[in-house]
Amino acid sequence: MANVEVSVRDLVNRDRDCSEQALAQMELRRKINLLIGEWKAAGGGDVLPDIRDRVRLRPVKEGR
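Note that the structure is a prediction, hence the values are computed from the model and not measured. (Residues numbered from 1 in each chain as written. Predicted model: local features only at pLDDT ≥ 70, side-chain atom pairs only at ≥ 80, totals over all residues. Heavy atoms only, no water.)

A. Fine view of the pattern of salt bridges. In the structure shown here, the tally under the stated rule is 3 salt bridges. Of the charged contacts, one joins R29 and E5 as a salt bridge, the two residues approaching to 3.7 Å between their closest N and O atoms. Here R29, found in helix α2 (residues 19–41), pairs with E5, found in helix α1 (residues 2–13); they are 24 residues apart in sequence, far enough to count as distant. In this structure, the salt-bridge partner of E27 is R30, at a minimum N-O distance of 2.6 Å. Within this pair, E27 and its partner R30 are both found in helix α2, separated by 3 residues, close to a single helical turn. On the basis of relative accessibility, which here comes to 42%, the residue R30 falls in the partly exposed class. (Salt bridge = Lys/Arg side-chain N within 4 Å of Asp/Glu carboxyl O. Helix = DSSP H or I, 4+ residues; strand = E, 2+ residues; numbered from the N terminus. Buried < 20%, exposed > 50% of the residue type's maximum accessible area, 1.4 Å probe, protein only.)

Put into structure tokens, the structure is as follows:
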């Protein structure tokens, strides 16, 4: 999913049509939401990581 997000961001930044990639991204998010719903219905109760956790855990690149 991260690859799709990067692709959409790149196309937007270059003022290009990103509708196909954006639709793919929305479909992936829909599937994730369905999976989370199924997981919760099956008794899943752990706290899932959110974007803040993802950013905090991302390795720092050289030169920043």
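That shown, we press on.
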